[in-house]
Amino acid sequence: MRELRFARAMVFAIEEINNSSDLLPGITLGYQIHDSCASVPVAVQVAFQFANGLQQLYDSKKGCVRSGRVTAIVGESGSTPTISMTRIIGPFDIPQVSHFATCACLSDKTQYPTFFRTIPSDQFQADALAKLVKHFGWTWIGAVRSNSDYGNNGMASFLRAAHKEGICVEYSESFNRNDPPSKIQQVADVIRRFMS
């Protein structure tokens, strides 16, 4: 439902811009909405479709054919699908603007020169979390993360920030909710081992 609300907000904003004579006069914005279903393979498929271009569109109001070239992409929400998409569309100089992809890795303009975002990077969260740990006087901790681009890059940012604050991270374990029970048990065993 969250993604549907984001899409509806975008449609509303585009319609407001197109119906206003003060905002972007003489320019009409268009859009196509694609749902990746939070799936990396689907996001990659859509990125390839965009990189190949869209069919030319006939504008019956103006009696002309408009280019099928994609000029920009708004989305994806998740960091992992965003990373996959921007690696495909970046070489075609198609800008991608995300409202929700926060992975600090996406700030690297050498790897992602056409990626932009409207939300802060997770680096701010990693720095704040390290300062919070230091504030409470914890100098030895363990950490658990999701085994994804988002989780692994977020943990890497946190580990750098923790190191700067003089915090020792004894272990950093990863898992996915779809992992077999044996993997989750392994992570639980590591936590128990260091708690005793």
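Further up the page is the structure itself.
Rules of the game
- Residues numbered from 1 in each chain as written.
- Predicted model: local features only at pLDDT ≥ 70, side-chain atom pairs only at ≥ 80, totals over all residues.
- Heavy atoms only, no water.
- Core = buried A, V, L, I, M, F, W, Y, C linked by side-chain atoms within 4.5 Å.
- Buried < 20%, exposed > 50% of the residue type's maximum accessible area, 1.4 Å probe, protein only.
- Helix = DSSP H or I, 4+ residues; strand = E, 2+ residues; numbered from the N terminus.
- Contact = heavy atoms within 4.5 Å.
- Phe/Tyr/Trp six-rings, centres within 6.5 Å; stacked < 30°, edge-to-face > 60°.
- Lys NZ or Arg CZ within 6 Å of the ring centre and 35° of its normal.
- Disulfide = S-S within 2.5 Å.

A.B. asks: It is not clear to me how the nonpolar core should be interpreted in this structure. Could you clarify?
C.D. replies: Nonpolar side chains in soluble globular proteins generally cluster together in the buried interior. Listed in full, the 11 residues of the largest apolar core are A43, V46, A47, F50, A51, V70, I73, M85, I88, I89 and I94. Sorting the residues of this core by element identifies helix 2 (40-52) and helix 3 (79-89) as the ones contributing at least two each. Residues contacting F50, with those up to four places away along its chain left out, are H34, V70, I73 and I94. Counting 10 residues, the second-largest nonpolar core is a separate cluster that includes A126, A130, V133 and I141.

A.B. asks: Teacher, can you tell me more about the packing of aromatic side chains here?
C.D. replies: The geometry of an aromatic ring pair is captured by two quantities: the separation of the ring centres and the angle between the planes. Enumeration according to the criterion identifies 4 aromatic pairs in this entry. Consider the rings of F6 and F100, whose centres lie 5.5 Å apart with planes at 55 degrees: the pair is tilted. In this pair, F6 is assigned in helix 1 (residues 2-18) and F100 in the loop between strand 4 (96-98) and strand 5 (115-117), connecting sequence segments 94 residues apart. Exposure remark for F100: the relative accessible area of 31% places this residue in the partly exposed category. One aromatic cluster is present, formed by W140, Y171 and F194 through successive ring pairs. For K109, the ring lying beneath its charged end belongs to F116, and the centroid distance is 4.3 Å.

A.B. asks: Whenever I open this one, the state of the cysteines confuses me. Can you help?
C.D. replies: By definition, a disulfide links the sulfur atoms of two cysteine residues through a covalent bond. Following the criterion strictly, the structure yields 1 disulfide and no others. In this model C103 forms its disulfide with C105; the gap between the sulfur atoms is 2.5 Å. In this structure the cystine formed by C103 and C105 twists about its S-S bond by roughly 130 degrees; its chirality is therefore right-handed. We classify C103 as buried; its relative accessible area is 1%.

On their own, these measurements won't tell you what the molecule is for.
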